[in-house]
Amino acid sequence: MRNIRKVGVIGAGTMGNGIAQACAVAGLPVVMVDISDEAVQRGTKALAGSLDRLVKKEKLSEDAKAKAIGLVRGSTQYADLRDCDLVVEAATENIELKLRILRQVEEIVGQDATIATNTSSISITQLAAVLKQPGRFIGMHFFNPVPMMALVELIRGLQTDDATHAASAAFAQAIGKTPVTVRNSPGFVVNRILCPMINEAIFVLQEGLATAEDIDTGMRLGCNHPIGPLALADLIGLDTMLAVMNVFYDGFKDPKYRPAPLLQEMVDAGRLGRKTGRGFYSYS
């Protein structure tokens, strides 16, 4: 089985810096790559802030925090991924962007390196098809916030070989996550169940059946969910929610997956949730 000793992460945003943090806390060196120094600095700052919060909650020592920060190297150069045993692409949910990144990564990394994507909805088989060695490609879907969420979905494309799957499962366990293996299908398993539920909550709000607060209170207290569906949509990002629902709608050709018109309108208005300061709730 391939031994993963060093990890590359493409993207220093919420998911990328979260994956980098999880790896570094587990003692693995990480190269976190983004398109600009500013993006890398933002990601590094967010990672340090997250570690600080763990220290304040007494879930991490100061020494462990310092060690983790020392294991993360920010970069704008793909060449710095050359000696990584695993590279996880965690860019925006845009298929053309992901395909371009994956081609670049394969040109840089060694023949035995595993290449993964953190996509929440795009076909693993389709992404793997652009690689010269598609067998070493796998979906590795982390959940937000990565440092706190214990699950990783491992999605095998049609081409994913057994060695890649085994190495990915061992890696997930090594960084303290529980891997579940799923077949390639729009939304995989968790989002296939979760996102239509959130979309239905948006339909309920759109139809005026209840306020956002009451919808979320109902699901928290009536279904024992830790967070209501509309607050969760704001956390995920309404643009991401819309992208996932459109993947379902296009992939299954089933009207039950059509995005709620209010979701589209919120995205058109730039009200994307927590990351813009306003979604179904205000975060100012």
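Residues numbered from 1 in each chain as written. Predicted model: local features only at pLDDT ≥ 70, side-chain atom pairs only at ≥ 80, totals over all residues. Heavy atoms only, no water.

- In the annotation of an unreviewed UniProt entry, the protein is listed under the name 3-hydroxybutyryl-CoA dehydrogenase and assigned to Ramlibacter cellulosilyticus.

Details of the side chain of Asn 191
So, point 1. Considering the arrangement of structural elements, one finds Asn 191 in helix 7 (residues 190-206).
So, point 2. Asn 191 sits in the buried class, given a relative accessible area of 7%.
So, point 3. Within the structure, the side chain of Asn 191 is placed 3.3 Å from the backbone oxygen of Ser 120, a separation counted as a polar contact.
So, point 4. With residues up to four places along the chain from it excluded, the contact list for Asn 191 reads Ser 120, His 141, Pro 196 and Phe 248. (Helix = DSSP H or I, 4+ residues; strand = E, 2+ residues; numbered from the N terminus. Buried < 20%, exposed > 50% of the residue type's maximum accessible area, 1.4 Å probe, protein only. Polar contact = N/O pair within 3.5 Å; in protein donor to acceptor, adjacent residues only side chain to side chain. Contact = heavy atoms within 4.5 Å.)

A short note on the sheet that holds strand 5 (residues 114-117)
So, point 1. A sheet is described by the order of its strands in space; here 8 strands give the open sequence 3-2-1-4-5-6-7-8, paired in mixed fashion. Looking at the sheet topology across the chains shown, the edges are occupied by strand 3 (72-75) and strand 8 (178-183). Between one strand axis and the next, the sheet turns by 25° as a mean value, whatever way the strands run.
So, point 2. Sheet topology note: the strand 4 (residues 86-89)/strand 5 ladder contains 4 bridges and is parallel. Bridge pairing in strand 5 links Val 88 to Ala 116. (Pairing = 2+ DSSP bridges. Axes fitted to C-alpha atoms, helices over the stretch in contact; angles between N-to-C directions.)

Considerations on the packing of aromatic side chains
So, point 1. All chains considered together, the criterion is met by 3 aromatic pairs.
So, point 2. For the pair Phe 248 and Tyr 257, a centre-to-centre distance of 5.5 Å together with 70° between the ring planes defines the contact as edge-to-face.
So, point 3. By relative accessible area, which is 0% here, Phe 248 ends up buried.
So, point 4. In this structure an aromatic cluster arises from ring pairing among Phe 248, Phe 252 and Tyr 257. (Phe/Tyr/Trp six-rings, centres within 6.5 Å; stacked < 30°, edge-to-face > 60°.)

Re the pairing of strand 7 (residues 151-156)
So, point 1. The pairing of strand 6 (residues 137-142) with strand 7 spans 4 bridges and is antiparallel. Each residue of the ladder has a partner; that of Phe 142, found in strand 7, is Val 152.
So, point 2. Here strand 7 runs beside strand 8; their pairing, made up of 6 bridges, is parallel. Looking at strand 8, one finds that Leu 154 is bridged to Thr 181.
So, point 3. What joins strand 7 to strand 8 is helix 6 (residues 162-174), and the crossover it makes is right-handed. (Right-handed = clockwise from strand over helix to strand, strands pointing away.)

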